[in-house]
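# Secondary and tertiary structure notes
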Amino acid sequence: MDYKRVVSEIIEAVGGQENILHATHCVTRLRLTLKETTYDQQKLENLEGAKGVFFNKGQLQIVFGTGVVERVYEAFIQQSNIDNHSFEPSKQSQTPETWKDKLFEFFKAFSDIFVALIPAIVGCAMLLGVRSLFITTGLFGLEGSLADNYTWAADTASFLNIIATGLNFLPVFVAYSATKRFGGNPVFGIILGLILVHPDLGNRFEYMQGTIENVSYWNIVGFSVPQVAFQGGIFPAILSSFFMAKFEKFITKYTPKMLTFIVVPAVTILVSSLALFLVFGPLGDLVASGIGTAADFLYVKAGVFGAGIFAALLQPLVITGTHHMIGSIEAQLLAQTGFNYIQPLWAVSIIAQGGAAMGMFFLAKKGSKRREIAFSSFIPTLVGVSEPAIFAVNLKDSVVPFLTAVAGAGIGGAYMKIFDVKALGFGLTGIPGVTIVNPPVVIHYVIGCLLSFALPIFFLFIYHKVKGVSGAEIGIPNPVKDVKA
């Protein structure tokens, strides 16, 4: 693929370099902010490697897929003279920022915080998955577990538990990443994170449940503050980090330069810690409790039906861009319970979009470009990326393929609930997701994904036979259309 030529064609299609304010990319899409929102849609869609083009949230987004978009972006930056660092949307963009844009940025911030942490979380989760093989009763035809029967297995399980300790200190990583994301000193974030899980403080979960004994209290500025930590405190970490990053800038601005090195760190840590225990800790508990209640209602109280709805809604959220906060909910679940039931729901929702793309592949004529795009868009869903399938195929000419995938995801989500499929981490779905699924239910994870993949294909064939799927180059005859012809 000639990336320089692709970039040249992009610049020409959007009205020249002078019309481009900003360029960035995510996992699958090149994102451009334009002065004037005029561009040649057809020319962009015909770009080599492009799998879809759409305008959303003030950005022109071109879907290239994983692995390709990074190279396109690198070539774009090399060929253009755009200064991404000096770009300020509020000052330069002619489109006024709406409450929807602010909401999107709010959700996007959560995504940014966790993207950097996912490799570490995945690594620790995979180690815990291996550990589960040693401590799960009944595996390998044994009475008890491997650890119960063999000293070497018990020692290995103990060692793996220690080196996967990152999940026990997740609030530390979240505070570091959040402080960095909000423009503060990330080292201050580490200090705040360590305060969140300090070993001399009581257990937060026991305190919230009223089972902790002899709770000590501080008398701080007239308030009685319980001496308990925030184990699993994802939202307290994010809220306190946001405050700390902003306060650090504020105190730096009004501190004489000769005293900055001494005053700013001490005052920032002191005031942010007070804010943690007095305001953001309790507030974060309320946020986590509210989200937990909603998730609990859908997955636990609403049972199979709720889990199906949950899975069905995930990919529509991807389209709107409001799916970014899901990662924080998964992290909260993982920190509180050691398990994540949303990961299997993500898996079926993504692979179902791959199934719909393959359905359109089978319906397309052999040798057609539509068939080539459908197959190449299906491949990323195997590793957890659905955007190429959604935008290049399933919403290309009709909403029907996308809706069949939503239906398939719903049924797959219900299956995952029935067999209590849960993961030991998050950030991996599809084939790689097998490595972080709780070992005793891996087979049901695989079956649930296969079911979600096959159902959209079945639904598409039925729909095409009855009514016909919109889109050019359909290869399988449709009786209804043939009669009309």
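Higher on the page you've got the structure.
This write-up is about the structure you can find in this document. (Residues numbered from 1 in each chain as written. Predicted model: local features only at pLDDT ≥ 70, side-chain atom pairs only at ≥ 80, totals over all residues. Heavy atoms only, no water.)

Check the secondary structure of the chain and you find 21 helices and six strands. Of all 485 residues assigned to the chain, the portion counted as buried reaches 48%. Restricting the contact set of the chain to residue pairs at least 6 apart, pairs at least 24 apart contribute 70%. With the model as given, the accessible surface of the chain reaches about 23,100 Å², and the carbon-plus-sulfur share is 63%. (Helix = DSSP H or I, 4+ residues; strand = E, 2+ residues; numbered from the N terminus. Buried < 20%, exposed > 50% of the residue type's maximum accessible area, 1.4 Å probe, protein only. Contact = heavy atoms within 4.5 Å. Areas by Shrake-Rupley, 256 points an atom, 1.4 Å probe, with all protein chains shown as cover.)

Looking now at helix H6 (residues 118-135). The α-helix advances 3.6 residues per turn, and as a result positions three or four apart in sequence lie on the same side. Between its first and last C-alpha atoms H6 spans 25 Å; for 18 residues at 1.5 Å apiece the expected length is 26 Å, and the two agree. Where H6 is buried, its residues meet helix H7 (146-149), helix H8 (151-163), helix H9 (170-181) and helix H15 (326-337). (Expected span 1.5 Å × (residues − 1).)

It is worth spelling out unusual backbone geometry at this point. In the Ramachandran plot, valine 221 falls in the positive-phi region, its phi being about 40 degrees despite a non-glycine side chain. Residue placement: valine 221 occurs in the loop between strand S5 (217-220) and strand S6 (223-226). By relative accessible area, valine 221 is classed as exposed at 63%. Despite not being glycine, aspartate 420 has its phi angle at roughly 50 degrees, a positive value. Tracing the chain through its elements places aspartate 420 in the loop between helix H19 (400-418) and helix H20 (442-466).

Read from one edge to the other, the open sheet built from four strands follows the order S1-S2-S4-S3, with strand pairing classed as antiparallel. Taken across any chain shown, the strands that pair with only one partner, and hence form the sheet edges, are strand S1 (20-25) and strand S3 (52-56). Pairwise comparison of adjacent strand axes, ignoring direction, gives a mean angle of 20 degrees for this sheet. The sheet contact formed by strand S2 (residues 29-34) and strand S4 (residues 59-63) spans four bridges and is antiparallel. In the strand pairing of S4, arginine 29 is matched with valine 63. (Pairing = 2+ DSSP bridges. Axes fitted to C-alpha atoms, helices over the stretch in contact; angles between N-to-C directions.)

Tallying each qualifying case throughout the model produces 17 aromatic pairs. Between phenylalanine 54 and phenylalanine 391, the ring centres sit 4.0 Å apart and the planes meet at 20 degrees, which makes this aromatic pair stacked. On the criterion of sequence distance, the pair formed by phenylalanine 54 in strand S3 and phenylalanine 391 in helix H18 (residues 387-394) is long-range, its members being 337 residues apart. On the accessibility criterion, phenylalanine 54 (14% relative accessible area) is buried. When the centroid spacing of 5.8 Å and the interplanar angle of 15 degrees are considered together, the rings of phenylalanine 243 and phenylalanine 247 count as stacked. A residue pair is termed a helical-turn pair when its members lie 3 or 4 positions apart in one helix, as phenylalanine 243 and phenylalanine 247 do in helix H12 (residues 234-253) at four residues. In this structure an aromatic cluster arises from ring pairing among Phe243, Phe247, Phe250, Tyr254 and Phe280. When the ring centre of phenylalanine 361 is taken as origin, the NZ or CZ atom of arginine 371, which lies over that ring, is 4.2 Å away. The aromatic ring of phenylalanine 339 is capped on one face by lysine 422, whose charged end is 5.8 Å from the ring centroid. (Phe/Tyr/Trp six-rings, centres within 6.5 Å; stacked < 30°, edge-to-face > 60°. Lys NZ or Arg CZ within 6 Å of the ring centre and 35° of its normal.)

To continue, consider a nonpolar patch on the surface. The grouping of Val434, Ile443, Val446, Ile447 and Leu450 at the surface amounts to a nonpolar patch, some 390 Å² of accessible area in total. One can find valine 446 in helix H20. (Patch = residues over 30% accessible without salt bridge, like charges linked within 9 Å, V, L, I, M, F, W, Y side chains within 5 Å. Salt bridge = Lys/Arg side-chain N within 4 Å of Asp/Glu carboxyl O.)

This brings us to the packing of helix H16 (residues 342-363) against H19. In the contact formed by H16 and H19, the axes pass within 8 Å of each other and the chain directions differ by 145 degrees. Between H16 and H19 the crossing geometry is right-handed. Across the interface between the two elements, Pro344, Leu345, Val348, Ser349, Ala352, Gln353, Ala356 and Met360 of H16 pack against Pro401, Phe402, Thr404, Ala405, Val406, Gly408, Ala409, Gly412, Gly413 and Met416 of H19. Residues of the contact of H16 with H19, tallied by class, amount to 12 nonpolar, six polar and no charged. (Left-handed = near helix turned anticlockwise from the far one by under 90°. Nonpolar A, V, L, I, M, F, W, Y, C, P; charged D, E, K, R; others polar.)

On to the pairing of S6, then. Of the pairings in the sheet, the one linking S5 to S6 comprises four bridges and is antiparallel in character. Following the sheet pairing, isoleucine 220 is matched in S6 by phenylalanine 223. Between S5 and S6, which pair antiparallel and follow one another directly, the connecting turn spans two residues, one of which, valine 221, has a positive phi of 40 degrees.

The next thing to look at is H18. Of all eight residues in H18, eight are buried, a share of seventy percent or more. Residues Glu387, Pro388, Ala389, Ile390, Phe391, Ala392, Val393 and Asn394 constitute the buried set of H18.

It is worth spelling out the pattern of salt bridges at this point. By the definition in use, this model includes five salt bridges. In this structure, lysine 396 and glutamate 45 form a salt bridge, with 3.5 Å as the shortest nitrogen-oxygen distance. Highlighted residues: lysine 396 in the loop between H18 and H19 and glutamate 45 in helix H2 (residues 41-45), separated in sequence by 351 residues. Residue lysine 396 is classed as partly exposed on the basis of its relative accessible area, which comes to 39%. Between lysine 422 and aspartate 420 there is a salt bridge whose closest N-O contact spans 3.7 Å. Among the charged side chains, a network of salt bridges with common partners joins Arg5, Glu9 and Glu48.

On to the side chain of glutamate 330. Among the structural elements, glutamate 330 can be located in helix H15. No salt bridge forms around the buried glutamate 330; measuring N to O, its nearest opposite-charge neighbour lysine 422 is 13 Å away. Among the polar contacts listed, one links the side chain of glutamate 330 to the side chain of asparagine 340, at a separation of 2.8 Å. A polar contact of 3.4 Å, which involves the side chain of glutamate 330, links it to the side chain of tryptophan 346. Residue contacts for glutamate 330: discarding those within four places in its chain leaves Asn340, Ile342, Gln343, Trp346 and Phe426. (Lys, Arg positive; Asp, Glu negative; His and termini not counted. Polar contact = N/O pair within 3.5 Å; in protein donor to acceptor, adjacent residues only side chain to side chain.)

On to the nonpolar core, then. Of all hydrophobic cores here, the largest spans 38 residues; its most connected members are Phe114, Val174 and Ile238. Mapped by element, the contributors of at least two residues to this core are helix H5 (99-115), H6, H9, helix H10 (186-196), H12, helix H13 (260-301) and H15. Ranked by residue count, the leading element in this core is H12, at six residues. Once you skip the residues sitting within four places of it in the chain, valine 174 turns out to touch Ile113, Phe114, Leu117, Ile234, Ala237 and Ile238. Judged by nonpolar contacts, the second largest core, of 31 residues, contains Tyr341, Ile350, Ile351 and Val441. (Core = buried A, V, L, I, M, F, W, Y, C linked by side-chain atoms within 4.5 Å.)

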